[in-house]
Amino acid sequence: MKTAFLKHLIWAVIAVATVGCSKNDIIEEEIKLPTYADGILLLSSTDANGTGGGNISFLDANENLTLDVFSKENDGAKLSSSTMWAFPYGNQLYVSATSNPFIQVINHETLKSTSTITTSGITGVTYFATVDGKTGYVNSSTRRKLGFYAVDLTAKSISATALTGTADATLLPITTVNGKYLTPALKTLVKVENGTAQILFTYAENVAGVVKTANQQIWVGVAKGSSANAKLIRLDENFAVQETIELGSSFLLPPNGILTASGTDEFIYWQETSTGDFCRFNTTTKTAEKFVSPSADGLVFATAWKVNPKNGELFLADSPSIFGLGDSFSDLYIYGKDKKLRKKIAKAGYQIVDVIFPK
């Protein structure tokens, strides 16, 4: 009797609760399982032997390392040998390489390969960028084929003809701003929009790169010349000049120093390739300083550097095997904003060329 009464009481409570709550009041909590897009990806340009295809390493939220996760998710397959770059757009990563396949499209969350581009009118494909996921551009490391080459992601092909006006495009990562592409081209800054290239500015010295910092600020670096110091120039979203900051005479800001910024804070980083030191510029105080001398921590040759947008830490990949020193493994060095080495992760990949942070 008592048991029956309790059963009726429970059902009555459930009925009242159901009547008292509308459909809109019921909150269903979706449990989202971690994916590769929640961690940090390290793009390798080769394999453990230094002769085969590239791969991807994974650092989870606790910085636990797993090698070769691309192969794990693709039945043992590898990326192209001489993999160069990974451009994130939407839920995809577009991995470019100097060898076939020239572009491999990968789902950022699962790392499953979804498409490849094996038809190309050029070799030496290096950096890729897209603003719509349908078309894009690559540049080439082949000296006689410098420029922007159109990529048709639907037809899965790369043009053999450089876009008019981009023949002097420097071999640097391509910056995208509001549906437009920006590239240094020797002493000019070139904008590409709707398939047309336009020179925005001409400078006295070579352009060292273009980055975006916090609050949608665009900064253009101009290298030091024989008669002028290096400069950093701020543009607004319409590419109008807002200010020009001249750096001290000790900063060369070389075009091969590859400017990088998190896009979420005030710092811009680059390598002074003549010394191997890394420097940074504070866009708030308008001052530049030497950040770290990584050789003091054992780094031999940096092959990738990126800034974590979550906390501003600088990630440096060291690949001494580029010079035939040791095996093909790369070590990862992580520096805090305080200039101190927070962590070194040994054997994090094989000749790492890029770092991809969480979406």
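If you're wondering where the values come from, they're calculated on a predicted model, not measured in any experiment.

Student: Any chance you could explain the packing of aromatic side chains here in plain terms?
Tutor: By convention here, two paired aromatic rings are described through the distance between centres and the angle between planes. If you walk through the whole model with that rule in mind, you get 15 aromatic pairs. Where F291 meets Y335, the ring centres are 6.5 Å apart and the plane angle is 70°; that geometry is what we call edge-to-face. You can see F291 sitting in strand β23 (residues 287–292) and its partner Y335 sitting in strand β26 (residues 329–335), a full 44 residues away along the chain. These aromatic residues form a ring-pair network of at least three members: F267, Y269, F291 and Y335. Over the aromatic face of F267 sits the side chain of R280, whose NZ or CZ is 4.3 Å from the ring centroid. Residue placement shows K347 over the ring face of F329; its charged tip is 5.0 Å from the ring centre.

Student: Can you help me understand the nonpolar core in this one?
Tutor: A general tendency of soluble globular proteins is for nonpolar side chains to be buried together. Ranked by size, the top nonpolar core spans 26 residues in total, and within it I103, F128, V138, F148, V151 and I158 carry the most contacts. Among the secondary structure elements, those contributing two or more residues to this core are β4 (83–89), β6 (103–107), β9 (125–129), β10 (135–140), β11 (148–152), β14 (180–185) and β15 (188–193). Here this core takes 4 residues from β9, the largest share from any one element. What F128 contacts, discounting residues up to four positions off in sequence, is W85, F87, Y94, S96, I103, G136, Y137, V138, V151, L153 and I174.

Student: What is the right way to read the pattern of salt bridges from this model?
Tutor: Side chains that differ in sign of charge can pair as their charged atoms come close. On inspection of all chains with the given rule, the structure shows 15 salt bridges. Notably, a salt bridge pairs K306 with D354, separated by 2.7 Å at the nearest N-O pair. Of this pair, K306 sits in strand β24 (residues 302–307) while D354 sits in strand β28 (residues 352–356), and the two are 48 residues apart along the sequence. Each member of the pair, K306 as well as D354, carries the same accessibility label: buried. The partner of K344 in a salt bridge is D331, with the nearest N and O atoms 3.8 Å apart. One end of the pair, K344, is in strand β27 (residues 341–350); the other, D331, is in strand β26, and 13 residues separate them in sequence. With a relative accessible area of 43%, K344 lands in the partly exposed category. For D331, a relative accessible area of 17% corresponds to the buried category. Among the charged side chains, a salt-bridge network with shared partners connects E63, E313, R342 and K343.

Rules of the game
Residues numbered from 1 in each chain as written. Predicted model: local features only at pLDDT ≥ 70, side-chain atom pairs only at ≥ 80, totals over all residues. Heavy atoms only, no water. Phe/Tyr/Trp six-rings, centres within 6.5 Å; stacked < 30°, edge-to-face > 60°. Helix = DSSP H or I, 4+ residues; strand = E, 2+ residues; numbered from the N terminus. Lys NZ or Arg CZ within 6 Å of the ring centre and 35° of its normal. Core = buried A, V, L, I, M, F, W, Y, C linked by side-chain atoms within 4.5 Å. Buried < 20%, exposed > 50% of the residue type's maximum accessible area, 1.4 Å probe, protein only. Contact = heavy atoms within 4.5 Å. Salt bridge = Lys/Arg side-chain N within 4 Å of Asp/Glu carboxyl O.

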